[in-house]
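# Summary of the model geometry
As a plain string of letters, each chain reads:
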Amino acid sequence: MSTENLPQSPEQPSRKPRVAVVFGGRSSEHGISVVTAGAVLKAIDRTKYDVLPIGITQDGRWALTADEPERMAIIDRRQPSVDLLAESGEGGVILPVDPASREVVYSEPGSVPKALGEVDVVFPVLHGPYGEDGTLQGLLELSGVPYVGSGVLASAVGQDKEYMKRVFTSFGLKVGPYLVIRPREWQQDEPAARKKIVDFAGEHGWPLFVKPARAGSSIGITKVDDLSGLDEAIAEAQRHDPKILVEAALRGREIECGVLEFEDGPRASAPAEIPSPDAHAYYDFEAKYIDSTPGIVPAPLTPEETAEVQRLAVDAFEAASCEGLVRADFFLTEDGEFVINEINTMPGFTPISMYPQMWQASGVSYPELVDRLVQAALRRSTGLR
């Protein structure tokens, strides 16, 4: 029987994919996450995507925020916060707990919950613990909502510098000398733990870098030139993480390389070099985000050195089972060897950050970078993959 003359149902207009940009969070990198979100909100193609900004306050409340990127900037050296952007001081955004539904709900005390519609993909631009470390990724996996960036394991490995180095070593990537002091060691025998660090300095020399093991943006890091500064450096690192990492100083050039997931797999960007900032002991938080110390893009390397660092960056991406994006940081030592320092699974992503700058130099603009990350997330499912 022909169906040509039967009445046809009108076609439903296809809606644009809805992207929830989630930012802020409980870590010490809260402010930079807000700055990153502002840049993403400004760059994302509104003709292609619907956008829902969701901020997480420093006490962990998921807040509905204004879609006003211009308010998410560092002004007079002051960082923005979700609390200043939240539309309400009490309301909260609730993700779906049923993988069959992607409906997001907004609830305020004493009011009927309000449906905000379905979310097709989450773009989490959180840095540090409670966001970049696999915790948020696990929540999104349980909710069945696709998301930009690495999964639970790779995010956790990328956040914990100890296990990151262990993974890299097992895959044949060279790392520098390091020492870990766990919370229990410090609590049970503080003099013995301190002696381990002093012995490490005796073996590898001063200066040392004392770091929180699970933090980023160079927050909580101290360059220690001698024994007199050690206790203060340990206390500063422990303010951010009870587990600390101690690294020997490596003499050489700081080289970074971005990795981005394309349809045919991960590719490396043009590398960048981080010159020693004149006003800072090293490339710390102030140099990165407040004084905006410029990197050199592309890095002045030989073609062979460029190819080698790009290969190693992709190797690090694959070793940690990363997805979406990674910034890989290396030292090019005086004997010409690349030593990997760390990866960031959600690197600094403001327009002045090195990751977007490296891809800009590689022919991928900031808006295209945002679009490629969202498209890569939409191609993936949640769950085992």
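What counts, and where the lines are drawn
Residues numbered from 1 in each chain as written. Predicted model: local features only at pLDDT ≥ 70, side-chain atom pairs only at ≥ 80, totals over all residues. Heavy atoms only, no water. Salt bridge = Lys/Arg side-chain N within 4 Å of Asp/Glu carboxyl O. Helix = DSSP H or I, 4+ residues; strand = E, 2+ residues; numbered from the N terminus. Buried < 20%, exposed > 50% of the residue type's maximum accessible area, 1.4 Å probe, protein only. Pairing = 2+ DSSP bridges. Axes fitted to C-alpha atoms, helices over the stretch in contact; angles between N-to-C directions. Core = buried A, V, L, I, M, F, W, Y, C linked by side-chain atoms within 4.5 Å. Contact = heavy atoms within 4.5 Å. Expected span 1.5 Å × (residues − 1). Phe/Tyr/Trp six-rings, centres within 6.5 Å; stacked < 30°, edge-to-face > 60°. Lys NZ or Arg CZ within 6 Å of the ring centre and 35° of its normal. Polar contact = N/O pair within 3.5 Å; in protein donor to acceptor, adjacent residues only side chain to side chain.

It is worth spelling out the pattern of salt bridges at this point. In total, this model carries 31 salt bridges according to the counting rule given. One salt bridge connects R214 with D241, and the closest N-O pair in it is separated by 2.7 Å. Taken together, the residues span a long stretch of sequence, with R214 in the loop between strand 9 (208-212) and strand 10 (222-224) and D241 in the loop between helix 8 (230-238) and strand 11 (244-248) at a distance of 27 residues. Note on R214: relative accessible area 29%, which makes it partly exposed. Overall, D241 belongs to the buried group, its relative accessible area being 3%. E236 serves as the salt-bridge partner of R239, at 3.0 Å between the closest nitrogen and oxygen. Given a relative accessible area of 59%, R239 falls into the exposed group. One continuous salt-bridge network, built from bridges that share partners, spans E141, E261, E323, R380 and R385.

Here we come to the sheet that holds strand 6 (residues 114-118). In spatial order, the strands read 4-5-6; together these three strands make up an open sheet with antiparallel pairing. Each end of this open sheet is capped by a strand with a single partner; those strands are strand 4 (92-94) and strand 6. Shown here is a sheet whose adjacent strand axes are inclined to one another by a mean of 25 degrees, direction ignored. Relative to strand 6, strand 5 (residues 103-107) runs antiparallel, the two sharing four bridges.

Ranked by internal contacts, the top residues of the largest apolar core, which has 35 residues, are V21, F23, F123 and F349. In contact with F123, not counting residues within four places along its chain, are V19, A20, V21, V22, V40, V148, F349, V370, L373 and V374. Grouped together as the second largest cluster of nonpolar side chains are 27 residues, V175, L312, A313 and A328 included.

The subject of this paragraph is unusual backbone geometry. Residues W206 and P207 are joined by a peptide bond in cis, for which omega reads 0 degrees. Along the chain, V297 connects to P298 via a cis peptide bond; the corresponding omega equals -5 degrees. Positionally, P298 belongs in the loop between helix 9 (285-290) and helix 10 (303-319). Not every positive phi belongs to a glycine, and R77 is a case in point at roughly 65 degrees. Residue R77 is classed as exposed on the basis of its relative accessible area, which comes to 52%. Even without glycine at this site, S321 takes up a positive phi of about 60 degrees. Inspection of the secondary structure assignment puts S321 in the loop between helix 10 and strand 15 (325-333).

Look at helix 12 (residues 366-379): 20 Å from first C-alpha to last across 14 residues, which is about the 20 Å you get at 1.5 Å a residue. Considered for burial, the residues of helix 12 that qualify are Y366, L369, V370, D371, L373, V374, A376 and A377. Along its buried surface, helix 12 packs onto strand 1 (18-24), helix 1 (30-43), strand 7 (121-124), strand 12 (252-262), strand 15 and helix 11 (354-361).

Mapped onto the elements, T57 comes out in the loop between strand 2 (50-56) and strand 3 (62-64). Residue class for T57 comes out buried when judged on its relative accessible area of 0%. Once residues lying within four places of it in the same chain are set aside, the contact partners of T57 are G25, R26, H30, A63, V82 and D83.

What follows deals with the packing of aromatic side chains. Counted according to the given criterion, the structure contains five aromatic pairs. Between F349 and Y366 the ring centres are 5.4 Å apart and the planes differ by 55 degrees, which places this aromatic pair in the tilted class. Pair noted here: F349 is in the loop between strand 16 (338-344) and helix 11 and Y366 is in helix 12, with a separation of 17 residues, a long-range link. Here F349 matches Y366 in class, with each residue buried. By the ring-pair criterion, three or more aromatic residues cluster together here, those being F123, F349, Y355 and Y366. Against the face of Y130 rests R26, its NZ or CZ located 4.0 Å from the ring centre. When the ring centre of Y178 is taken as reference, the NZ or CZ atom of K165 above it lies at 5.6 Å.

Mapped onto the elements of the fold, E261 is located in strand 12. Overall, the relative accessible area of 15% leaves E261 in the buried class. Taking the C-alpha atoms as reference, E261 lies 9.3 Å from G149; in sequence the two are 112 residues apart. Non-local contacts of E261, meaning those with residues more than four positions away in its chain, are made with P266, E323, G324, A376, R379 and R380. In terms of polar contacts, E261 uses its side chain to reach the backbone amide nitrogen of G324, at 2.7 Å. A polar atom in the side chain of E261 sits 3.2 Å from the side chain of R380.

The next subject is the sheet that holds strand 8 (residues 178-181). In space, the four strands of this open sheet follow the order 8-11-9-10, with antiparallel pairing throughout. Each edge of the sheet is formed by a strand with only one pairing partner; in this case those strands are strand 8 and strand 10. With strand direction ignored, the average angle separating the axes of adjacent strands in the sheet is 25 degrees. Contacting strand 8, strand 9 and strand 11, helix 5 (residues 161-170) crosses the sheet at an angle of about 140 degrees to strand 8. In the packing of helix 7 (residues 190-204) onto the sheet, contacts are made with strand 8, strand 9 and strand 11, and the angle to strand 8 comes to roughly 175 degrees.

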